[in-house]
Amino acid sequence: VVVGLVVVLGRACGLPRAPRAAVSVGVLLVFVVLVRPDPSIVRATVMAIVVLVVHLAGRPVRGVPLIALAAVGMLVVDPWFARSFAFALSVLATSGIVVLGPPLTELLARRAWPPVAAALAIPVAAQVACWPVTIPLSAALPTYAVPANLLAEPFAPVVTVIGLAACTVAPVWPAGAQALAAVAWVPAAAVGGIAYGAAALPHASAPWPAGVLGVAAAVLVCGCIATAVLVR
């Protein structure tokens with residue numbers, strides 16, 4: 001979202017491709033410092049920088065090698081990322097969207113309008129990829145996770161862009177930053193409301209075995225789903 005915003009503004013200002021990429025990298029690094037280098041943020045930043053470099057070289061971007069490069073590079077720099085749930089979930093969610101998203105969209109498009117199928121395929125693919133890793137955190141099957149994510153999807157980029165704008169103008173215009181932050185609070189509160197609302201619904205989670213057995217069973221279920229989607 002941040003890179004896309006910078007690229008659009010750079011094109012509007014008439015910047016060539018190389019300066020746009022350089023400005024995008026600079027803004028990304030400032031953004032990481034601003035929100036702190038959480039493993040999921042670092043992973044997304046590394047991937048975005050690699051995409052910018054590949055685009056600058058005029059070569060096509062392929063999702064799986066890009067994710068692998070970012071993940072392996074981070075583990076080489078800091079092997080302790082391997083113990084981070086945030087890192088694992090970030091890599092798995094992205095991998096699920098890249099690998100399962102397109103074929104799942106194609107399957108769902110047979111019964112639904114293609115944009116609706118694509119919007120639905122994203123949280124389903126991410127949930128299938130991530131669920132086994134969430135078992136040690138909460139041994140349960142989240143009943144409403146996919147519809148909750150589907151509802152929250154449109155609000156996340158709005159919060160990111162307006163919140164970043166508030167941080168940008170805060171040093172020079174505190175009153176304007178406060179107004180922007182108040183605007184950003186609305187979609188942020190909507191995301192929180194969706195999460196709390198889904199958790200408060202009856203049967204919000206189904207019981208699931210804990211420990212190694214629960215993880216293995218979740219891997220088996222998700223593996224079967226992924227196979228059904230990928231195998232024609």
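Residues numbered from 1 in each chain as written. Predicted model: local features only at pLDDT ≥ 70, side-chain atom pairs only at ≥ 80, totals over all residues. Heavy atoms only, no water.

Participant: Help me understand unusual backbone geometry, please; the structure alone is not making it clear to me.
Facilitator: Residues other than glycine predominantly adopt negative phi, and peptide bonds predominantly adopt the trans conformation. The phi angle at R36 is positive, at roughly 75 degrees, despite the residue not being glycine. Of note, the phi angle at H203 is positive, near 55 degrees, even though the residue is not glycine. Mapped onto the fold, H203 is located in the loop between α9 (174–200) and β2 (205–207). (Helix = DSSP H or I, 4+ residues; strand = E, 2+ residues; numbered from the N terminus.)

Participant: How do you make sense of the layout of surface pockets when you look at a structure like this?
Facilitator: Once rolled over the atoms, a probe with the size of a water molecule shows which space is left empty. Space inside the largest pocket adds up to approximately 1,800 Å³. Taken together, 48 residues line the largest pocket, and the ones lying closest to its centre are R43, A93, I97, N149 and A156. If you tally residues by element for the lining of the largest pocket, the top one is helix α3 (residues 39–56), at eight residues. Among the residues forming the lining of the largest pocket, the class breakdown is 34 nonpolar, 12 polar and two charged. (1 Å grid on protein atoms, 1.4 Å probe; cavity = no way out; pocket = protein on both sides within 12 Å on 5 of 7 lines; lining within 4 Å. Points joined across faces, edges and corners; volume = space filled by probe spheres on them. Nonpolar A, V, L, I, M, F, W, Y, C, P; charged D, E, K, R; others polar.)

Participant: I would appreciate a short explanation of helix α2 (residues 17–35) in the present structure.
Facilitator: Structurally, the α-helix is built with 3.6 residues per turn, so residues lying three or four positions apart point the same way. With 19 residues, α2 ought to run about 27 Å at 1.5 Å a step, and its terminal C-alpha atoms sit 27 Å apart, in line with that. Those residues of α2 that are buried are in contact with α1 (2–12), α3 and α8 (155–169). (Expected span 1.5 Å × (residues − 1). Contact = heavy atoms within 4.5 Å.)

Participant: Got a minute to help me understand the packing of helix α4 (residues 63–77) against helix α5 (residues 85–108) in this structure?
Facilitator: Packed helices, taken two at a time, are described by their axes: the angle between them and the distance between them. Put simply, α4 and α5 touch, their axes get as near as 9 Å, and they point 170 degrees apart. The angle between α4 and α5 falls in the class roughly antiparallel. Counted together, G63, V64, I67, A71, M74 and L75 of α4 and F87, V91, T94, S95, V98 and V99 of α5 form the full contact between these two elements. Split into classes, the residues belonging to the contact of α4 with α5 amount to nine nonpolar, three polar and no charged. (Axes fitted to C-alpha atoms, helices over the stretch in contact; angles between N-to-C directions. Parallel < 35°, antiparallel > 145°, perpendicular 65-115°, else oblique.)

Participant: Please explain the environment of G14 as it appears in this structure.
Facilitator: Looking at where G14 falls in the secondary structure, it is placed in the loop between α1 and α2. G14 sits 47 residues away from V61 along the chain, and the two C-alpha atoms are 24 Å apart.

Participant: Can you walk me through the environment of V221 in this structure?
Facilitator: Within the secondary structure, V221 sits in helix α10 (residues 211–230). For V221 and V128, which are 93 residues apart along the polypeptide, the C-alpha to C-alpha distance reads 8.8 Å. Discounting residues that sit within four places of it in the chain, V221 has contacts with W131 and W208.

Participant: Looking at this model, I keep getting lost on the packing of aromatic side chains. Mind explaining?
Facilitator: The description of an aromatic ring pair uses the distance of the two centres, along with the angle that the planes make with each other. Counting across every chain of the model gives two aromatic pairs. Ring plane angle 25 degrees and centroid distance 5.8 Å describe the contact between F81 and F87, whose orientation is recorded as stacked. Taking the relative accessible area as the measure of exposure, F81 reaches 14% and is therefore buried. On the basis of an interplanar angle of 65 degrees and a centroid distance of 4.7 Å, the ring pair of W131 and W208 is categorised as edge-to-face. One end of the pair, W131, is in helix α6 (residues 114–134); the other, W208, is in the loop between β2 and α10, and 77 residues separate them in sequence. Look at W131 and you get buried, because its relative accessible area is 5%. (Phe/Tyr/Trp six-rings, centres within 6.5 Å; stacked < 30°, edge-to-face > 60°. Buried < 20%, exposed > 50% of the residue type's maximum accessible area, 1.4 Å probe, protein only.)

Participant: How should the state of the cysteines be read in this particular structure?
Facilitator: Cysteine pairs can be linked by a disulfide, which is a covalent bond between their two sulfur atoms. Going through the model one piece at a time under the given rule, you end up with zero disulfides. C130 takes part in no disulfide bond, and the closest cysteine sulfur, belonging to C222, lies 9.3 Å away. The exposure class assigned to C130 is buried, which follows from its relative accessible area of 11%. (Disulfide = S-S within 2.5 Å.)

Participant: I keep staring at α1 and nothing clicks. Help me out?
Facilitator: All of the buried residues in α1 are V2, V3, V6, V7 and G10. In a view along the axis of α1, the buried residues occupy a sector of 130 degrees, so they form one face of it. Opposite its buried face, α1 presents the exposed residues V8, L9, R11 and A12, each directed more than 90 degrees away. At its buried positions, α1 is contacted by α2, α3 and α8. (Arc of directions from axis to C-beta.)

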